[in-house]
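# Structural characterization, general
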Amino acid sequence: MICRQATLGLFIFILFVSSAFRSFAQDSLSSSQVEIKNADVFRFSSGPQGELRYLKGNVQLMHKGTYMECDSAVVYKESNSVDAFGNVFILDHDSIEIHSVNAFYNGMSRWAILDQQVSIQNGSMLLESPRVDYDMNNSIGYYSTWGKLTKDKTVITSKQGTYYNEVDEAYFKQNVHITDPDFTLDTDTLIFNTKHSIA
């Protein structure tokens, strides 16, 4: 009898913990979803990718402190991701301004693929490229086709580059060319401090 009561008590305890865990997981997932702040046109549909939300006109989104604007977007609820189209603007960490024609944003990994006429500006530092992969967790931008970084009067171009916002550094590889009022330089690799403009 005592053994049955103990077993029943253990079963109830496990059931309670399991239920609480599921509730916590659902709340955590819900709080981390991409938030729709505004759209002139809002439409729902369902398909193989799950629930889709079509947004058009003055689209404004928010996710974990990152703000996004665009002309239109498709929000994929299950994968917590966004396809953004037209005049994409992203404000990251309240100081990094990102512009592109189109963008794909994965809310699970907080990774963005910025496409066409990409610019990333932080103070007087401006990075431009046809395409940039951007890690919003660590504020790191990557390009592998061509890019140009401008800081005050210094201009650096290269085929590949990585910009590390948190440490104020940029790494350049392949066909690196730097133009400065005091000198010009061609090299295969270069490390540049974007805060102090030191190569």
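### Examining the overall build of the protein chain
Within the protein chain, the secondary structure is distributed over 1 helix and 14 strands. Counting every position in the protein chain, which comprises 199 residues, the buried fraction comes to 37%. Split by element, the accessible area of the protein chain, about 11,500 Å² in all, is 55% carbon and sulfur.

### Comments concerning the side chain of S100
Tracing the backbone shows S100 in strand 6 (residues 96–106). Judged by relative accessible area, which is 6%, S100 ranks as buried. One polar contact links the side chain of S100 to the main-chain carbonyl oxygen of N102, over a distance of 2.9 Å. Residues contacting S100, with those up to four places away along its chain left out, are N87, V88, L114, D115, Q116, Q117 and V118.

### With respect to empty space enclosed by the protein
As enumerated under the stated definition, the model contains 1 cavity of 30 Å³ or more in all. The calculated volume of the largest cavity comes to roughly 50 Å³. If you go around the largest cavity, the residues you meet are V34, L61, M62, H63, T66, M68, V82 and Y105. Only strand 3 (50–63) and strand 4 (66–76) provide two or more residues apiece to the lining of the largest cavity. With 3 residues, strand 3 is the single largest residue contributor to the lining of the largest cavity. For the lining of the largest cavity, a count of residues per class yields 6 nonpolar, 2 polar and no charged.

### Here we look at the pattern of salt bridges
Counting across every chain of the model gives 5 salt bridges. Its salt-bridge partner being R53, residue E51 comes within 3.1 Å of it at the nearest N-O pair. Judged by its relative accessible area of 18%, R53 is buried. Among the ionic pairs, K148 bridges to E128, the shortest N-O distance being 3.8 Å. Placement of K148 in strand 10 (residues 147–151) and of E128 in strand 8 (residues 125–135) is noted, with a sequence separation of 20 residues between them. Note on K148: relative accessible area 26%, which makes it partly exposed.

### Describing the packing of aromatic side chains
On inspection of all chains with the given rule, the structure shows 3 aromatic pairs. Between W111 and Y142, the aromatic rings sit 5.6 Å apart at their centres with planes inclined by 20°, giving stacked as the arrangement. Pair noted here: W111 is in strand 7 (residues 111–122) and Y142 is in strand 9 (residues 140–143), with a separation of 31 residues, a long-range link. On the basis of an interplanar angle of 80° and a centroid distance of 5.3 Å, the ring pair of Y164 and Y171 is categorised as edge-to-face. Taking relative accessible area as the criterion, Y164 reaches 28% and is therefore assigned partly exposed. Taking NZ or CZ as reference, R43 lies 4.4 Å from the ring centre of Y54, over its face.

### Comments concerning the confidence of the model for the protein chain
The predicted model of the protein chain has a mean per-residue pLDDT of 87, with 84% of residues at 70 or higher. Counted against residues more than four places away or in other chains, residues 1–31, with its pLDDT under 50, gives 0 contacts.

### Structural notes on the pairing of strand 9
One ladder, built from 3 bridges, connects strand 8 with strand 9; its direction is antiparallel. Across the sheet, D135 pairs through a bridge with I140, a residue of strand 9. Once strand 8 ends, the chain turns through 4 residues before running back antiparallel as strand 9, passing S139 with a positive phi of about 55°.

Reading guide: rules and limits
- Residues numbered from 1 in each chain as written.
- Predicted model: local features only at pLDDT ≥ 70, side-chain atom pairs only at ≥ 80, totals over all residues.
- Heavy atoms only, no water.
- Helix = DSSP H or I, 4+ residues; strand = E, 2+ residues; numbered from the N terminus.
- Buried < 20%, exposed > 50% of the residue type's maximum accessible area, 1.4 Å probe, protein only.
- Areas by Shrake-Rupley, 256 points an atom, 1.4 Å probe, with all protein chains shown as cover.
- Polar contact = N/O pair within 3.5 Å; in protein donor to acceptor, adjacent residues only side chain to side chain.
- Contact = heavy atoms within 4.5 Å.
- 1 Å grid on protein atoms, 1.4 Å probe; cavity = no way out; pocket = protein on both sides within 12 Å on 5 of 7 lines; lining within 4 Å.
- Points joined across faces, edges and corners; volume = space filled by probe spheres on them.
- Nonpolar A, V, L, I, M, F, W, Y, C, P; charged D, E, K, R; others polar.
- Salt bridge = Lys/Arg side-chain N within 4 Å of Asp/Glu carboxyl O.
- Phe/Tyr/Trp six-rings, centres within 6.5 Å; stacked < 30°, edge-to-face > 60°.
- Lys NZ or Arg CZ within 6 Å of the ring centre and 35° of its normal.
- pLDDT = per-residue confidence, 0-100.
- Pairing = 2+ DSSP bridges.

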